[in-house]
Amino acid sequence: MDIDYKLAFELAPVGLALSRNRQMQDCNGYLCEMFGASRELLVGQSFQVLYPSAIEFERTGSRISPILNRNGTYADDRIMKRANGETFWCHVTGRALNQASPHEAGIWTFEDLSSRRPVKSELTAREREVAAHLMGGLTSKEIGKALAISHRTVEIYRARLMRKYKASNTGDLVHKLMAG
């Protein structure tokens, strides 16, 4: 049986993008549908158009480079932005085609988590990053190291998140973040 890889790419049940230097070289229809934009608007664009802010795009790129260098792959849950400005939780997985130069070329998948995890509160860029790491089970010290900030600063952001989500402790906050 011959497999039509272009058709498989287009009909995959997740958003797919091929990248070169953090720009989309191609994407499938599911990704376009998820982000509410046409292929013509996305291909050739920086992935920055999918992020809530330029700061988050830059921080994420800096954070994932050493992991892609070491492992060749990267995955996390993060808040992304649709073309209409709506934010949503998204699971992103990527593979660098060249570990020595991780942003040179890659394959990325995007899974919309909004049906399971809606974005409830308006969060700042840093609160979104801390929330994503909390849901990954990281401690304040681990989050601080990942974000290149002190663990005390992480604790301040965690306290803000707890107030916004009316959580009684970190476990309750993670539960509320995951449940939406």
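Data block above holds the structure.
Computed from a predicted model, the values in this text were never measured in an experiment. (Residues numbered from 1 in each chain as written. Predicted model: local features only at pLDDT ≥ 70, side-chain atom pairs only at ≥ 80, totals over all residues. Heavy atoms only, no water.)

J.: Explain empty space enclosed by the protein to me, and be specific about the residues and the numbers.
T.: Here the idea is plain: a probe the size of a water molecule rolls over the atoms and shows the empty space left. The tally for this structure, following the rule as stated, stands at 1 cavity of 30 Å³ or more. Of the pockets and cavities examined, the largest cavity occupies roughly 140 Å³. Lining the largest cavity we find 15 residues, and of these R22, F47, Y51, I64 and W108 sit closest to its centre. Going through the elements one at a time, helix 4 (54-71), strand 3 (73-81) and strand 5 (106-112) are the ones with two or more residues in the lining of the largest cavity. (1 Å grid on protein atoms, 1.4 Å probe; cavity = no way out; pocket = protein on both sides within 12 Å on 5 of 7 lines; lining within 4 Å. Points joined across faces, edges and corners; volume = space filled by probe spheres on them. Helix = DSSP H or I, 4+ residues; strand = E, 2+ residues; numbered from the N terminus.)

J.: Just give me the short version of the pattern of salt bridges, but keep the residues and values in it.
T.: Using the criterion set out here, one finds 13 salt bridges in the structure. In this structure, D112 and R82 form a salt bridge, with 3.1 Å as the shortest nitrogen-oxygen distance. On the criterion of sequence distance, the pair formed by D112 in strand 5 and R82 in the loop between strand 3 and strand 4 (87-96) is long-range, its members being 30 residues apart. For R82, a relative accessible area of 11% puts it in the buried group. (Salt bridge = Lys/Arg side-chain N within 4 Å of Asp/Glu carboxyl O. Buried < 20%, exposed > 50% of the residue type's maximum accessible area, 1.4 Å probe, protein only.)

J.: Which residues make up the environment of V92, and what values do they have?
T.: Looking at the element boundaries, V92 is found in strand 4. Given the relative accessible area of 1%, V92 is considered buried. Sequence-wise, V92 and V49 are 43 residues apart; in three dimensions their C-alpha atoms are separated by 15 Å.

Keep in mind these values describe shape, not function.
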